[in-house]
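Descriptive analysis of the structure
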Amino acid sequence: LYDAWIGAAQNRGLGVALDDGEVLLLDPLTSTTQLIDGVSKQPDGIRLSPLGRSAALLYERTATIEVLTDLGGTPKASIAVDLTDLSGELRQWAVTDDGKSLLLSSTEGDLSTLYHLREGGFLAPISTHQSVLDVRFLPTSLDALVADEAASEVLRISGLPSEPIVSVIAGQEQGITA
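Remember, it's a predicted structure, so these values are computed and weren't measured experimentally. Within each chain, residue numbers correspond to sequence positions counted from 1 in written order. Two thresholds apply to this predicted model, a pLDDT of at least 70 for residue-level local features and 80 or more for giving and counting side-chain atom pairs, whereas whole-chain, interface and lining totals are computed over all residues. Side-chain figures throughout are based on the complete set of non-hydrogen atoms in the structure, without hydrogens or water.

Turning our eyes to something else, we now look at the sheet that holds strand β2 (residues 13-16). Pairing between strands is defined by DSSP: at least two bridges between the two strands are required. Note on conventions: DSSP H or I runs of at least 4 residues are helices, E runs of at least 2 residues are strands, and numbering of each starts at the N terminus. What the 4 strands build is an open sheet, ordered β1-β2-β3-β4; its pairing is antiparallel. Edge positions in the sheet fall to β1 (3-6) and β4 (32-35), since each has one partner strand and no second. The sheet shows a mean angle of 25° between the axes of neighbouring strands, direction not considered. Across 4 bridges, the pairing between strand β3 (residues 23-27) and β4 is antiparallel. Residue Leu25 lies in a different strand from β4, and its bridge partner there is Gln34. Convention adopted: a line fitted to C-alpha atoms gives each axis, helices being fitted over their contacting stretch, and angles between N-to-C directions are expressed from 0 to 180 degrees.

Moving on to the pattern of salt bridges. What makes a salt bridge here is a side-chain nitrogen of Lys or Arg within 4 Å of a carboxyl oxygen of Asp or Glu, nothing more. Applying the stated criterion across every chain yields a total of 6 salt bridges. As a salt-bridge pair, Lys76 and Asp70 come within 3.8 Å of each other at their nearest N and O atoms. Looking at Lys76, the relative accessible area reads 43%, which means it is partly exposed. Between Arg136 and Asp134 there is a salt bridge, with the nearest N and O atoms lying 3.1 Å from each other. For the exposure calls, accessible area comes from a 1.4 Å probe over protein chains only, and a residue counts as buried if that area is under 20% of its type's maximum, exposed if over 50%, partly exposed in between.

Strands pair in a sheet through their backbones, by hydrogen bonds, and they do so in one of two ways: parallel or antiparallel. With respect to topology, 4 strands assemble into an open sheet ordered β9-β10-β11-β12, the strand pairing being antiparallel. Edge positions in the sheet fall to β9 (89-95) and β12 (123-129), since each of these pairs with one other strand and no more. Averaged over all neighbouring strand pairs, the angle between strand axes comes to 25°, with direction disregarded. Two elements, strand β11 (residues 111-117) and β12, share 6 bridges in a ladder whose sense is antiparallel. By the bridge assignment for β12, Thr113 is matched with Thr128.

Here it is as structure tokens:
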């Protein structure tokens, strides 16, 4: 392996094979690996869902994200998202446990814009922030947390997919500092 990502539950992960760039399912409990068929080789980054049931693989050279689902069973590629229309540089992304929803943070100049991938592959802008450090969905939920480093805030995104609501849940008053 030349790179690996382990889920927060630490019961599964994904790795990239050193010799050929194949994507492998990792089982840390049994120290075994399994080749995942039908997935593009050599991803530039991987994000696992909160419970490790799905994953989003970034391929910068083709400006796509491939979503894998059923990591606890028979992993399969479910959708490929074209990022060519995304303005700015993709810095952070997250996927839900069911693999049906993505949050993307793209940075252009001094601002980061959050996007939600809606049904049918439509990227809808949600909000703009100073500097998104990380985005994460909550387990089995469409709600997400966003860390804005420059604003020293942790935000909650709720109401997806139809009416996104962005609320500050912690800031400098609660001891959050950049």
